[in-house]
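Descriptive analysis of the structure
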Amino acid sequence: MDNSLTNRCDGGLRVLMLGSFQLLCDGRPVPVRGEQATKLLALLALKSPHPVGIDVVREAIWEDDPPRSADRMVQNLAGRVRRGLAECGSAAMKTGKRTWSLPHVATDIADLDRLGRKARQAHLSGRHEAEADHYVQALGLIRGEPLSGISGDVFTVETVRVNSLIVSIRAGCVEALAETGQTARALPLADELLAMNPHSVEAVHAAMTAHYCNDDVPAATGIFTDYRNSVATETGLDPGRELQSLHAKILRREPIAFGDAKATGHSARGEVRPAELPRLTASFTGREEELEKLSHLLVPGGPPVVVSGPGGIGKTALAVEAAQGFAERFEDGQMYIDLRGFSRERPVEPQEALSRMLNSLGVATSVIPTGIEASANLLRTKLAERSILLVLDNARSEGQVEPLLPGAGLSQAVVTSRHRLQSLHVSAGARAMKVGPLSTVQAQDMLARLMEARADDAALRKLGRKSGGFPLAICLMASNLIHTGADAIEAAAEELSSGQGREFLRVGGNPGKSVEDAFNVTLRALDPDARRSALELALIPGADLSQPLIRAVLGPESSESVLESLEEASLIDQYRFRRYRFHDLVRDHLRLNADTMVPSDRKEEVACAVARWYGDKSHLDVQVEVGNIMAVMESYAESFPVWKILGRSREFLRLQRDVTVLRPVIEHALSAARRAEDLTGQAVMWEWRSKLSAVRGEMAEAVRNISRARELIDRTSDPVWQAEILGSQGMVMGQAGDTESARELLEASLDAARRLGDGELVLHQLIYLANAYRRSAHVDRSKELLKEARSVGGTVRPTRSNVRLRELAEELLAELLIETGETAEGGEMLDRLFRTPFETVEGRGRTLTVRARLRIKIGDHAGAWSDAEEAYDIGSQHEVYIVLRRSQFLLADLAAEAGDLTEARWYADAHGADGAENSKLYRARRSEVLCTILARTGDMEAALEHGSTACSLYEEMAERVLLPEARKRVDEALAVLAEQKRLRDGRPAPRS
């Protein structure tokens, strides 16, 4: 029962994309379920036989807004697709380290390419009948719009390329049929091609040829006239020389040379043809996606293309690589000028740049006008007569670039800059391309190529990560290490990883040729406020920064203008709405400078502002900020009472994946609280010690720690924390199996919260106490408490945590009704829940698992699978682990029920690395599911072992609700085992 593929089939794999997506195995269709599975298969088929990395897959599926757990979701998706292909009888999908490939897949797009090449080869060798046959076969592959129904930039680029190929093949087919005398077949194809592509030179050429070969000169010349009028209206230019030449031959009734439209034109004016592009960089690697995008942006007469990014990111290399690769499109040459916008040298003034460019076009210096406007007009006049690609490298500002841009005509400019040059998008209709770092794999590959070393070397991987994906850093590392041995490379990698080794990022110790210099040039171009603010923001721990946090640190007045300046300079990136991040290498450089350039008192102010912001639970979205909270606590543990952050973030432990990393933070915070003689801080940290012990399954230690917390908090006069820690003690006692003490403590905590009039605390304690009564099978009392919690939830502040608890109360009440056989009432409550939008994705995910269990009870396994699968996706996408664990075990049970034991085992074993694998409940639930799976495989001894483990764990936790189901599974396994033994012994069946 696979999530992505269904139906069995055997044989080779074939993917059809010249129309709607289809997957075939041995000629039979294999349904693909889900947009994400379709995108993954399409991407792997398009890139075949090369492996595709996880970063490319992530962009193809989510483009610029991937979820936080996108990498895990990609790996889960790839696993499901691979298993589905295996079930279909195909082992075509290969898996590497975070890469996947379909090395042996056949695709109709590849066949289209192949047949097009064979047709062109037949044309060149004079085999025109074969040429026509190949073209006709190619056209037979087309079923509709390429990649129909698959959205996204990655696929749009391929769609444009394939559509261009289809136009060429159709035009070639028309001319081949006409050349072989098959004008009756050629004419309808020509008219259809022209109707679909009225502005295509190839389509116009083919249609004129077909009608001329059919002795219809008026139709052929009429096509030319219509095209000429259209071109003149839109551009003010005449058609190109190849169409004019064909038109003249038709008017003179001369024979035509077939295939002219396929030939590449060259300048025939006898004028200077500039070829000024620098030599290609031998180490250039990666950037396949960027080159594909540029292949569709670089067209004669197209708008300027602005390639922006931080210094050292590889903008110039990318622009030159693209200009060289697509040079044949610009028949009159390529021009290049380094504007030195970000350089130790003086930037090139517009007048100087204009003079140099006009000289390149053959204009003598003596006749070049002196004014910028007059020189720019002359440049545009000269470029209007030609098709030239201009590379304007290292521009500083729009004012430096605007006079150099072509006007009307077939020339085009590519501009590289550390600034985004946004006004060019308004004044010149420029297209933007932002260049980011290379992936770690690409960086490692570039290092290996430069150093002639193995690409899988561990030291190269470390160097690749430390380069931040900046080609400049990679080249500098290679130049310093190329003549050293493996030991020296390993030592350099370790040194850089520890924050040292800056000498490896400059040439021969020369600071003028270094990564630091590249960044310093950008910093010097900022105004003083922006430069100072960049250093201060780099001091903030964490992977990214929210706009409200930036406002809290810099102040609301200056934060907006500072962010605009830093974004414009490509120093910071707004990668999601109101969320910003530095490139790793940029942040490291800024922090290094901040150590010496930001005064100590200002550093303290920044730290206090950050800590206060993270300690204010009224606005903090813990689910989004969980990683940053961890970084802040690690950084400030010895200098700031971080227990305030932990104490106010109830959701933190629930969301933090690797809870073991909290131990040193808690120890530092506990030491700081002791030094400050802060009993409340000490108590809160002992409470957190207890939580960590409970997560790891160390219940005796958890009980001791929470007892110490209780002892400390009782010595204070803080009634709120006294009530909270009392409730925490009750929860720990319940997890340890002492349900009677748990209920007493939680009742006392609830009474204390009521006396305080703290609605939020009352809501929490009601939920905890209801769970304690439910686990000990006191169903009626649990129902009363959950109903009260539902009522209280409507009166407290609608913070994320409180909304989650209100939804949880309703979900738990519905679940309890279903477990006690009141399925009608429970189902009605679920229907009400689903009729209104959920405030949190966790609420929807948890409630989906409850409805899935209801559907299992009433025999609707298909509906249960659908709900559990949606919940599983929610848990994966949003890292809501409680939903993920619940849904994975439901899916394992459902798959086992359907007889798909491979899939069942996969779900049972998945996602044990979120910190829960040591918890008793997780281990018990997994053992319970494995009992069923192993029993169905016939391994009854192992099934009984897992079933007994589950029962023992439930008994230890005094989990009286789940224990009967586990015992039922064990009894079923025992019955099967007894029957097997009876059959082996040859004994008769017992009488009924």
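Looking at an unreviewed UniProt entry, one finds the protein chain named BTAD domain-containing putative transcriptional regulator, with Salininema proteolyticum as its source organism.

1. Brief notes about the overall build of the protein chain
The secondary structure content of the protein chain amounts to 45 helices and 17 strands. Relative to its full complement of 992 residues, the protein chain shows a buried share of 53%. Once local pairs closer than 6 in sequence are excluded, the contacts in the protein chain between residues at least 24 apart make up 67%. For the protein chain, the exposed surface amounts to about 42300 Å²; the carbon and sulfur share of it is 50%.

2. Focus: the packing of aromatic side chains
Enumeration over the complete set of coordinates arrives at three aromatic pairs. Arranged with centres 5.7 Å apart and planes meeting at 85°, the rings of phenylalanine 470 and phenylalanine 519 form a pair that is edge-to-face. Taken together, the residues span a long stretch of sequence, with phenylalanine 470 in the loop between helix H18 (458-466) and helix H19 (471-481) and phenylalanine 519 in helix H21 (residues 515-524) at a distance of 49 residues. By relative accessible area, phenylalanine 519 is classed as buried at 3%. Measuring from centroid to centroid gives 6.2 Å for tryptophan 865 and tyrosine 907, while their planes differ by 80°, and the two rings are edge-to-face. Of this pair, tryptophan 865 sits in helix H40 (residues 861-878) while tyrosine 907 sits in helix H42 (residues 901-909); the two residues are 42 residues apart in sequence, bridging distant segments of the chain. The buried category is assigned to tyrosine 907, whose relative accessible area is 0%. In textbook terms, an aromatic cluster arises when at least three aromatic residues are bridged by ring pairs, as seen for Trp865, Tyr872 and Tyr907.

3. Brief notes about the pairing of strand S8 (residues 305-308)
Neither face of S8 is left uncovered, since the one carrying Val305 and Val307 and the one carrying Val306 and Ser308 both have all their residues buried. Bridge count for S8 against strand S12 (residues 431-434) is four bridges, and the pairing is parallel. Bridging across to S12, valine 306 finds its partner in alanine 432.

4. Describing the packing of helix H41 (residues 881-897) against H42
Where H41 meets H42, the axes come as close as 8 Å, and the angle between the chain directions of the two elements is 165°. Judged by the inter-axis angle, H41 sits roughly antiparallel to H42. The handedness of the crossing between H41 and H42 comes out as left-handed. Where H41 approaches H42, its residues Gln888, Phe889, Leu891, Ala892, Ala895 and Ala896 are matched on the opposing element by Leu901, Glu903, Ala904, Tyr907 and Ala908.

5. Description of the environment of valine 201
Position of valine 201 relative to the elements: it lies in helix H8 (residues 201-213). Among the residues examined, valine 201 registers a relative accessible area of 29% and is labelled partly exposed. Taking the C-alpha atoms as reference, valine 201 lies 8.9 Å from tyrosine 227; in sequence the two are 26 residues apart. Dropping the residues within four chain positions of it, valine 201 is found in contact with Tyr227, Glu242 and Leu243.

6. Remarks on the side chain of asparagine 593
By secondary structure assignment, the location of asparagine 593 is in helix H25 (residues 584-597). Judged by relative accessible area, asparagine 593 falls into the buried class, the value being 17%. Polar contacts involving the side chain of asparagine 593 include one to the main-chain carbonyl oxygen of histidine 589, which spans 2.8 Å.

7. Notes on the confidence of the model for the protein chain
Confidence in the prediction of the protein chain, expressed as mean pLDDT, is 80, and 86% of residues score 70 or more. Low pLDDT, under 50, characterises residues 1-11; the stretch is placed with 56 contacts to residues that sit more than four places away or in other chains.

8. Describing the packing of H21 against H25
Closest axis-to-axis distance for the H21/H25 pair is 11 Å, and the angle between their directions is 80°. When the axes of H21 and H25 are compared, the pair comes out roughly perpendicular. For the pair H21 and H25, the contacting residues are Val515, Glu516, Phe519, Asn520 and Leu523 in the first and Leu585, Val586, His589, Leu590 and Asn593 in the second. The class makeup of the residues in the contact of H21 with H25 is six nonpolar, three polar and one charged.

9. Description of helix H34 (residues 739-756)
Compared with an ideal rise of 1.5 Å per residue, which puts 18 residues at 26 Å, H34 spans 26 Å between its outermost C-alpha atoms and is within 8% of the ideal. Residues of H34 that are buried: Thr739, Ala742, Arg743, Leu745, Leu746, Glu747, Ser749, Leu750, Ala752 and Ala753. On its buried face, H34 sits against helix H32 (699-713), helix H33 (719-735), helix H35 (759-775) and helix H36 (779-793). Within two residues after H34, glycine 757 carries a phi angle of roughly 70°, on the positive side.

10. So, the pattern of salt bridges
Tallying each qualifying case throughout the model produces 37 salt bridges. Between arginine 708 and glutamate 711 there is a salt bridge; the shortest N-O distance is 2.8 Å. With a gap of three residues between them, arginine 708 and glutamate 711 both fall in helix H32, about one helical turn apart. We note a salt bridge from arginine 851 to aspartate 867, for which the minimum N-O separation is 2.8 Å. Note that arginine 851 is positioned in helix H39 (residues 841-857) and aspartate 867 in helix H40, a separation of 16 residues in sequence.

11. What about the sheet that holds strand S2 (residues 22-25)?
Strands in a sheet are paired, the pairing made by backbone hydrogen bonds, and the direction either parallel or antiparallel. Strands sit in the order S3-S2-S1-S7 across an open sheet of four strands; the sheet is mixed. Edge positions in the open sheet fall to strand S3 (28-29) and strand S7 (106-107), since each of these has one partner strand only. Across two bridges, strand S1 (residues 13-16) lies against S7 in parallel orientation. Its bridge partner lying in S7, arginine 14 is registered against alanine 106.

12. With respect to unusual backbone geometry
One non-glycine residue with positive phi stands out, namely leucine 147, at about 55°. Mapping leucine 147 onto the fold places it in the loop between helix H5 (128-140) and helix H6 (153-179). Residue classification places leucine 147 among the buried residues on the basis of a relative accessible area of 3%. Of note, the phi angle at serine 570 is positive, near 60°, even though the residue is not glycine. Mapped onto the elements of the fold, serine 570 is located in the loop between helix H24 (556-568) and strand S16 (572-576). A relative accessible area of 9% places serine 570 in the buried class.

13. So, the nonpolar core
Of all hydrophobic cores here, the largest spans 79 residues; its most connected members are Met93 and Leu112. By residue number, the principal contributor to this core is H6, which donates 13 residues. Beyond its immediate stretch of four places on either side in the chain, leucine 112 contacts Leu18, Ala138, Leu141, Ile142, Val162, Leu165, Ile166 and Ile169. Among the nonpolar cores identified, the runner-up in size contains 63 residues, and Phe284, Val391, Val414 and Leu590 belong to it.

14. Examining the sheet that holds strand S5 (residues 94-95)
Overall, antiparallel pairing links the three strands, which are arranged S4-S6-S5 in an open sheet. Sheet topology places strand S4 (52-53) and S5 at the edges, where each strand pairs with a single neighbour.

15. Some details on the state of the cysteines
Under the counting rule described, the total for this entry stands at zero disulfides. Left unpaired, cysteine 931 is separated from the closest cysteine sulfur, that of cysteine 951, by 7.9 Å. Of the residues examined, cysteine 931 reaches a relative accessible area of 1% and is grouped as buried.

16. Digging into the pairing of S1
Bridge analysis of S1 against S2 gives four bridges, and the strand direction is antiparallel. Residue pairing for S2: leucine 13 is matched across the bridge by cysteine 25. The loop that links S1 with its antiparallel partner S2 comprises five residues; one of these, glycine 19, has a positive phi angle of about 140°.

17. Re the environment of alanine 789
Within the element layout of this structure, alanine 789 appears in helix H36. Alanine 789 sits in the buried class, given a relative accessible area of 0%. Along the sequence, alanine 789 and leucine 805 sit 16 residues apart, while their C-alpha atoms lie 8.5 Å from each other.

18. Here we look at the environment of isoleucine 313
By the element assignment, isoleucine 313 lies in the loop between S8 and helix H12 (315-325). Accessibility expressed as a relative area gives 0% for isoleucine 313, which makes it buried. Separated by 205 residues in sequence, isoleucine 313 and alanine 518 have C-alpha atoms that sit 10.0 Å apart.

19. Things to note about helix H22 (residues 528-538)
By the burial criterion, the buried members of H22 are Ala530, Ser533, Ala534, Leu535, Glu536, Leu537 and Ala538. Turning to H22, the residues buried within the fold contact strand S15 (545-546), helix H23 (547-554), H24, strand S17 (579-582), H25 and helix H26 (600-615).

About the thresholds
- Residues numbered from 1 in each chain as written.
- Predicted model: local features only at pLDDT ≥ 70, side-chain atom pairs only at ≥ 80, totals over all residues.
- Heavy atoms only, no water.
- Helix = DSSP H or I, 4+ residues; strand = E, 2+ residues; numbered from the N terminus.
- Buried < 20%, exposed > 50% of the residue type's maximum accessible area, 1.4 Å probe, protein only.
- Contact = heavy atoms within 4.5 Å.
- Areas by Shrake-Rupley, 256 points an atom, 1.4 Å probe, with all protein chains shown as cover.
- Phe/Tyr/Trp six-rings, centres within 6.5 Å; stacked < 30°, edge-to-face > 60°.
- Pairing = 2+ DSSP bridges.
- Axes fitted to C-alpha atoms, helices over the stretch in contact; angles between N-to-C directions.
- Parallel < 35°, antiparallel > 145°, perpendicular 65-115°, else oblique.
- Left-handed = near helix turned anticlockwise from the far one by under 90°.
- Polar contact = N/O pair within 3.5 Å; in protein donor to acceptor, adjacent residues only side chain to side chain.
- pLDDT = per-residue confidence, 0-100.
- Nonpolar A, V, L, I, M, F, W, Y, C, P; charged D, E, K, R; others polar.
- Expected span 1.5 Å × (residues − 1).
- Salt bridge = Lys/Arg side-chain N within 4 Å of Asp/Glu carboxyl O.
- Core = buried A, V, L, I, M, F, W, Y, C linked by side-chain atoms within 4.5 Å.
- Disulfide = S-S within 2.5 Å.

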